[in-house]
Amino acid sequence: MCALFEPPEPRRVPPGEYLVWDQALALLNRDLAVTLPQLEPLQLLALPSYAADEPEDVYVAMANGEWHGNCLDPNSQDSLASALASVADAAQETVMELLWQAWPLCPEHGLGMHPREDAQERLFWWCAGERLRRGPAHIHAAVGALDA
């Protein structure tokens, strides 16, 4: 006979529990507020591990608790640059999958931008405009600074 399996319940992560991810998410939420002002800020959501000796998985979720994609890399908490890269990827995946639209869009080309790190480990929103013959590929703005 097969026992019924109850999946673990996700929980909203309170501010300050994962400080560096909170800082990174605050930057992402600035970009979200500028580009999709109708949305409430993204949040961190934790899901207990299925294994007792493993840490919980943390996701970037919409305000209603929905998320999509992979959890944040636990090793990305070592620096703000790493945390920002991990949170940007997760936030972008959640927003794009749940809204069924590219995010954020390059205002010059109307194309979805992607996070890209420079040699100094700063993270920028990058547009691939050149590949589609709509103008040159370029860095649009730092992640967290789409309002600049």
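Read on for a plain summary of the structure. (Residues numbered from 1 in each chain as written. Predicted model: local features only at pLDDT ≥ 70, side-chain atom pairs only at ≥ 80, totals over all residues. Heavy atoms only, no water.)

1. Focus on the packing of aromatic side chains
Here is the rule we go by: Ring pairs are drawn from Phe, Tyr and Trp, using the six-membered ring of Trp, whenever the two centres fall within 6.5 Å, and their geometry is named by plane angle: stacked under 30 degrees, edge-to-face over 60, tilted for the rest. Remark: exposure states derive from per-residue accessible area (1.4 Å probe, protein chains only) relative to the maximum for the residue type, with buried under 20%, exposed over 50%, and partly exposed in between. Two conditions define a charge located above a ring, namely a distance within 6 Å from the ring centre to NZ of Lys or CZ of Arg, and an angle within 35 degrees of the ring normal.
Throughout the structure, instances matching the rule amount to three aromatic pairs. Relative to W21, the ring of Y18 has its centre 5.1 Å away and its plane inclined at 40°; by these criteria the two rings are tilted. Across this residue pair, the class does not change: Y18 and W21 are buried. Aromatic pair Y59 and W67: ring centres 4.9 Å apart, planes at 35°, arrangement tilted. With a relative accessible area of 28%, W67 lands in the partly exposed category. Directly above the aromatic system of W126 lies the positively charged group of R116, at a separation of 3.7 Å from the ring centroid.

2. With respect to the state of the cysteines
Under the convention used in this document: Criterion for a disulfide: a pair of cysteine sulfur atoms at a distance within 2.5 Å.
According to the stated counting rule, one finds zero disulfides in the structure shown. The structure places no disulfide on C106, whose sulfur is separated from the nearest cysteine sulfur, that of C127, by 3.7 Å. The class for C106 is buried, based on a relative accessible area of 2%. In this structure C127 comes out as buried when scored by relative accessible area, which is 0%.

3. A closer look at the pattern of salt bridges
Applied cut-off: Salt bridges are defined as contacts in which a side-chain nitrogen from Lys or Arg sits within 4 Å of a carboxyl oxygen from Asp or Glu.
Taken as a whole, this structure holds three salt bridges when the rule is applied. Here E17 and R11 are joined by a salt bridge, their closest N and O atoms 2.5 Å apart. Among the residues examined, R11 registers a relative accessible area of 29% and is labelled partly exposed. Note that D118 and R122 form a salt bridge whose closest N and O atoms lie 2.6 Å from each other. Looking at R122, the relative accessible area reads 45%, which means it is partly exposed. Overlapping salt bridges bring together R11, E17 and E56 as one network.

4. Examining the pairing of strand β3 (residues 57-61)
Applicable threshold: Only DSSP runs of H or I with at least four residues qualify as helices, and only runs of E with at least two residues qualify as strands; both kinds are numbered from the N terminus onward. Two strands make a pair as long as DSSP finds a minimum of two bridges between them.
Of all five residues in β3, four are buried, a share of seventy percent or more. Sheet topology places strand β2 (residues 43-47) next to β3; five bridges connect them, and they run antiparallel. Residue pairing for β3: L44 is matched across the bridge by V60.

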